[in-house]
Amino acid sequence: MDDFAQPLVLFTLILIATLSTGYLIADVPIVSSSLSDLYGNALLLSSIVGACASMSGLLICRRATCRRFLLILLAFFTGAFLLARDLHKDASSDVLADILGEDRLEAVVEGQVVTAPIPYEAGWAFEIRATHLDDKALHAENPPRLRIFYPIAIIKEHETYDQPVEPPLLPLPGDTVEGFMRLERFALADLPADISMRQLMENRGLAARANAREVLLVSTPARLSLRHQLERRLAARRIHLEREIGTRLPADQAAVATGMLTASRGLITPEFRHPFDLTGTSHLLAISGLHLTVLAGILWVVLGWLIGRIPWLMIRFGKKRVCGPAVVLLLSTYVLMIGAPVSAQRALVMLTIAICGYTTLRPFCGLHAISLAALFLTFLQPTILFELGFQLSFLATAGIILFMRNRPSWLRSPEPGMPEDTRTIALARRFANFVGISFAATLSTWPAIVIITGELPVAGLWLNVLVVPIFSVVIFPIMTASALLLPVVPEVAEPFLYASSLCITLMQQGLDIAAYWPGSTIRIGNPSVLSWMAGTLSILLLILGGLSRRAFLLAMTTAFIACLSFWCGKPANLPPMTRVHFIPVGQGDSTLVEFPDGTTMLIDAGGTQMGADPGLHRVLPYLKYLGIRHLDYVVLTHADQDHMGGLPALIRPFRPRYFIFDAEETSAHLAQISAKMQKYGATLLPISHSLELPLADTTVRVIRPIYEERGSTNNMSLVTSFQYAGAAVLLPGDIEEPGETWLLENQLLQRHTIVKLPHHGSKTSSTLPFLQELQPRIAIAPVGRHNQFGHPHPDIVQRYLKLGASIYRTDHNGLITLEITNNGEITVRTMR
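Remember, predicted model here, so these are calculated numbers, not experimental data.

Thresholds, definitions, all that
Residues numbered from 1 in each chain as written. Predicted model: local features only at pLDDT ≥ 70, side-chain atom pairs only at ≥ 80, totals over all residues. Heavy atoms only, no water. Buried < 20%, exposed > 50% of the residue type's maximum accessible area, 1.4 Å probe, protein only. Helix = DSSP H or I, 4+ residues; strand = E, 2+ residues; numbered from the N terminus. Arc of directions from axis to C-beta. Contact = heavy atoms within 4.5 Å. Polar contact = N/O pair within 3.5 Å; in protein donor to acceptor, adjacent residues only side chain to side chain. Pairing = 2+ DSSP bridges. Axes fitted to C-alpha atoms, helices over the stretch in contact; angles between N-to-C directions. Phe/Tyr/Trp six-rings, centres within 6.5 Å; stacked < 30°, edge-to-face > 60°. pLDDT = per-residue confidence, 0-100. Salt bridge = Lys/Arg side-chain N within 4 Å of Asp/Glu carboxyl O. Left-handed = near helix turned anticlockwise from the far one by under 90°.

Let's shift gears to helix H25 (residues 737-745). Burial in H25 covers these residues: Gly 739, Glu 740, Trp 742 and Leu 743. Down the axis of H25, the sector holding all buried residues measures 160 degrees, keeping them to one side. On its buried face, H25 is in contact with strand E18 (698-703), strand E19 (719-724) and helix H26 (768-774). Residue Gln 747 follows H25 closely and has a positive phi angle near 55 degrees.

Structure below.
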């Protein structure tokens, strides 16, 4: 009976996990009322059942011939599943893409809410299936999914002083919403190694995003399905808990507690998260495998203790077979209750398969479990292989398993019949195993991290050893228990919740210091394929060798080869050149110039009044990608937010040597930037008239227009120009017609081959006499996508085109890089 029950129980668990994850979480259509979809439904369901049976057999069967046959079956059913899902793949997303294109559309949208709202600093986000667009019906069988952002400012318009908006007044799953919205497709990648939000979101089934422009009309159907009733109840409890946390804790602590308990990370500011990213400890702030593993361990201990008090249950089933399904069920409930974020879905699937294998297999193989988990996730969403979160989770888990399989004998427990270790030796062995596990998990993620960030977070090797035990053993369990007890005994739970969240904020301050210690990170930029492969091989050899001395020496030899290929792999016959990078920072300005002698000059760094800081999210990652360690010169053209707002995020990581700005500028924000520049070693060079910087093969000239009346700050913009190999480059900031006239009158202009459009191509700039004097051949417009000013103005674009100039725009082309060789050849490279 046991031989038959074991595969049956395992098959049932995997089937339930597949159907619940696919139907409730991933929204894979299993049942449809349309008879035309009958074949697709049957193929989809049969492929799921067949794949689950194949996986169950692989976990249990030990004969090689059976395993090969089951692998063939698994591949067959996986292909059948992908075929069935393609049959279900609606054309509505393509229709919506054809309607929107690359433009924005404002329309009245009606649809059904499919996910609970997630809080952000400026509002709430949720997903709907759009059924109507301006009274026009969309794809009826499978409407397109939209990500809706509901600004809190609009919600508060209908709040009263005594009656704030409660969770039932927010759209919940099953509700129908209608309102005037602004729709657009997700943005494409516009920087190297950048994540394409369009590809990422469309892979997850989201066709576009929309911003509510007015209060949404929310209506609840008279009859709700059991699924929607469950989701609404869980969502209401989660939102209520988040509100309770927000009212009882300070802002940063509330954001951290909310992110760690309910996966609502939108409240955590990028500035707070930045030290965790730099030190390779950002997994602490997400609902990741670490969180769920800690919860699974706690639940296993508690359930094991309870089951031990029921003798008949222990005798009949055993502790493992009862604890395993119970832990999976409780973790699944927790994941659904917090809104089923993608990271929690991945961790849940991996833990479910691991627990199934641990409770049924003799012996248990971790590599088989993680391979089946990866196959299962790919089965549900094939494009998940290209998501960074999945790659990091899989690599870290695989590194831990490989280390545990290949660790040296002195890290293993004594075999039966051997003398038992003393308590001191046992504790030392456990600590050494933990250090090895931490090192293996950190090292195994480096190949993926270096491609995205251009840095190796060396500090993560020792910081994870210190931080993870404190977090997993003390802080996170206390925080979780406090949140569970908060509705019951708030007087007892609130102090513990406050203390645990305070520990995270103090940890953030410590990580912020450690992130900039010498040697904390190694900035290597974009490695070559050969050096990346050699570095990856060295990490693999080190982990496979169990971090032993022999493995360390072999890995260091391979790493040395990687370094040689990195430093010496660049072609030696490349001519000297100047590179000018126009970095897309939205509606702002940021230009990086790399001169032949290695001197770097950054002119402005973008900025915005609201939303993500482009200095932190655009300029800083790109400079790291280029491998730049220091900035020689930073030029601020003028003290407008869209030019200087991103500078503070760059001062500490790149420690500029010189800071050039307008000597008569009195902005308080500029004074703060100047003080921070001096703090980190920069020499201030305020300009009253002009400044010349003699560099190799060129002289950079920075001019400040002089007027009797100061007027607009745009006309005071510093104008930077230089000439290399016969190609002249002009970067005029935001000067307008008066500034252009002043430059002409003072005979400070000459013919320039490359010109950045003054004031982003505004109609108040780029006058005809100015352009006739310059005679530009290449014109660059740094503008934001769908900017409210209409930059660049169509008349200005036509003016440049009539003069024979080629125009490139950062909103259309993304990153624009100009390479000027020493023989005067100019190459324009664009991201798109």
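From this point, the narrative continues.
Another aspect to go through is the side chain of Arg 198. If you trace the backbone, Arg 198 turns up in helix H6 (residues 197-203). A polar atom in the side chain of Arg 198 sits 2.8 Å from the side chain of Glu 102. Other than its neighbours up to four places away in sequence, Arg 198 contacts Glu 102, Arg 185, Phe 186, Ala 187, Leu 188 and Arg 785.

Attention shifts here to the sheet that holds strand E15 (residues 658-662). Strand order across the open sheet formed by 8 strands is E16-E15-E14-E13-E12-E11-E24-E25, with mixed pairing between neighbours. Edge strands, defined here as strands with exactly one partner in the open sheet, are strand E16 (683-687) and strand E25 (826-830). Looking at each pair of strands side by side, their axes are set apart by 15 degrees on average, direction ignored. In terms of strand pairing, strand E11 (residues 577-582) meets strand E24 (residues 816-821) through 6 bridges, oriented antiparallel. When the bridges of E24 are listed, Met 577 appears paired with Thr 821. Helix-sheet contacts for helix H24 (residues 668-679) involve strand E14 (633-635), E15 and E16, and the interaxial angle to E15 is about 160 degrees.

Here we take up the packing of aromatic side chains. Enumeration according to the criterion identifies 8 aromatic pairs in this entry. Each ring, one from Phe 595 and one from Phe 722, has its centre 5.2 Å from the other, and the planes form 70 degrees; the classification is edge-to-face. On the criterion of sequence distance, the pair formed by Phe 595 in the loop between strand E12 (591-594) and strand E13 (600-603) and Phe 722 in strand E19 is long-range, its members being 127 residues apart. Phe 722 shares its class with Phe 595; the two are buried.

Glancing now at the environment of Leu 626. Note that Leu 626 resides in the loop between helix H21 (614-625) and E14. By relative accessible area, Leu 626 is classed as partly exposed at 29%. Separated by 172 residues in sequence, Leu 626 and Gly 454 have C-alpha atoms that sit 7.6 Å apart. Non-local contacts of Leu 626, meaning those with residues more than four positions away in its chain, are made with Gly 525, His 581, Leu 592 and Glu 594.

Within the open sheet, the 7 strands sit side by side as E17-E18-E19-E20-E21-E22-E23. Their pairing is mixed. Each having just a single partner strand, strand E17 (690-695) and strand E23 (806-809) make up the two edges of the open sheet. On average, each strand axis in the sheet is inclined to that of its neighbour by 15 degrees, with strand direction left out of account. Here E17 runs beside E18; their pairing, made up of 6 bridges, is antiparallel. Bridge pairing in E18 links Leu 691 to Val 702.

For Thr 810, the position within the fold is in helix H28 (residues 810-813). Here the side chain of Thr 810 touches Val 783 through a polar contact of 3.0 Å, landing on its backbone oxygen. Discounting residues that sit within four places of it in the chain, Thr 810 has contacts with Phe 582, Pro 584, Ala 781, Pro 782, Val 783, Ile 816 and Arg 832.

Further remarks concern the pairing of E23. Examined bridge by bridge, strand E22 (residues 778-781) and E23 share 4 bridges and lie parallel to one another. Its bridge partner being in E23, Ile 780 is matched across the sheet by Tyr 808.

To continue, consider the confidence of the model for the protein chain. Mean pLDDT for the protein chain: 82, with 85% of residues reaching 70 or above. The low-confidence segment residues 1-6 (pLDDT under 50) makes 5 contacts with residues lying over four places distant or belonging to another chain. When the criterion is pLDDT under 50, residues 21-39 qualifies, and its contacts beyond four places in sequence or with other chains add up to 36 contacts.

We now examine the pattern of salt bridges. A complete count under the given rule lists 25 salt bridges for this structure. With its nearest N and O atoms 3.6 Å apart, the salt bridge here joins Arg 104 to Glu 184. In this pair, Arg 104 is assigned in the loop between helix H4 (92-100) and strand E1 (105-113) and Glu 184 in strand E6 (residues 176-184), connecting sequence segments 80 residues apart. Glu 184 gets classed as buried once you look at its relative accessible area, which sits at 8%. Close ionic contact of Arg 145 with Glu 127 constitutes a salt bridge, the shortest N to O distance being 2.2 Å. Here Arg 145, found in strand E5 (residues 145-151), pairs with Glu 127, found in strand E3 (residues 123-133); they are 18 residues apart in sequence, far enough to count as distant. For Arg 145, a relative accessible area of 10% corresponds to the buried category. Judged by its relative accessible area of 11%, Glu 127 is buried. Several salt bridges converge on common partners, so that one network encompasses Glu 102, Arg 104, Glu 184, Arg 198, Arg 209 and Arg 785.

Between helix H15 (residues 388-406) and helix H16 (residues 423-453), the shortest axis-to-axis distance is 8 Å and the interhelical angle comes to 145 degrees. At the point where H15 passes H16, the crossing takes the right-handed sense. Facing Leu 388, Gln 391, Leu 392, Leu 395, Ala 396, Gly 399, Ile 400, Phe 403 and Met 404 of H15, the residues of H16 in contact are Asn 433, Gly 436, Ile 437, Ala 440, Ala 441, Ser 444, Thr 445, Ala 448, Ile 449 and Ile 452.

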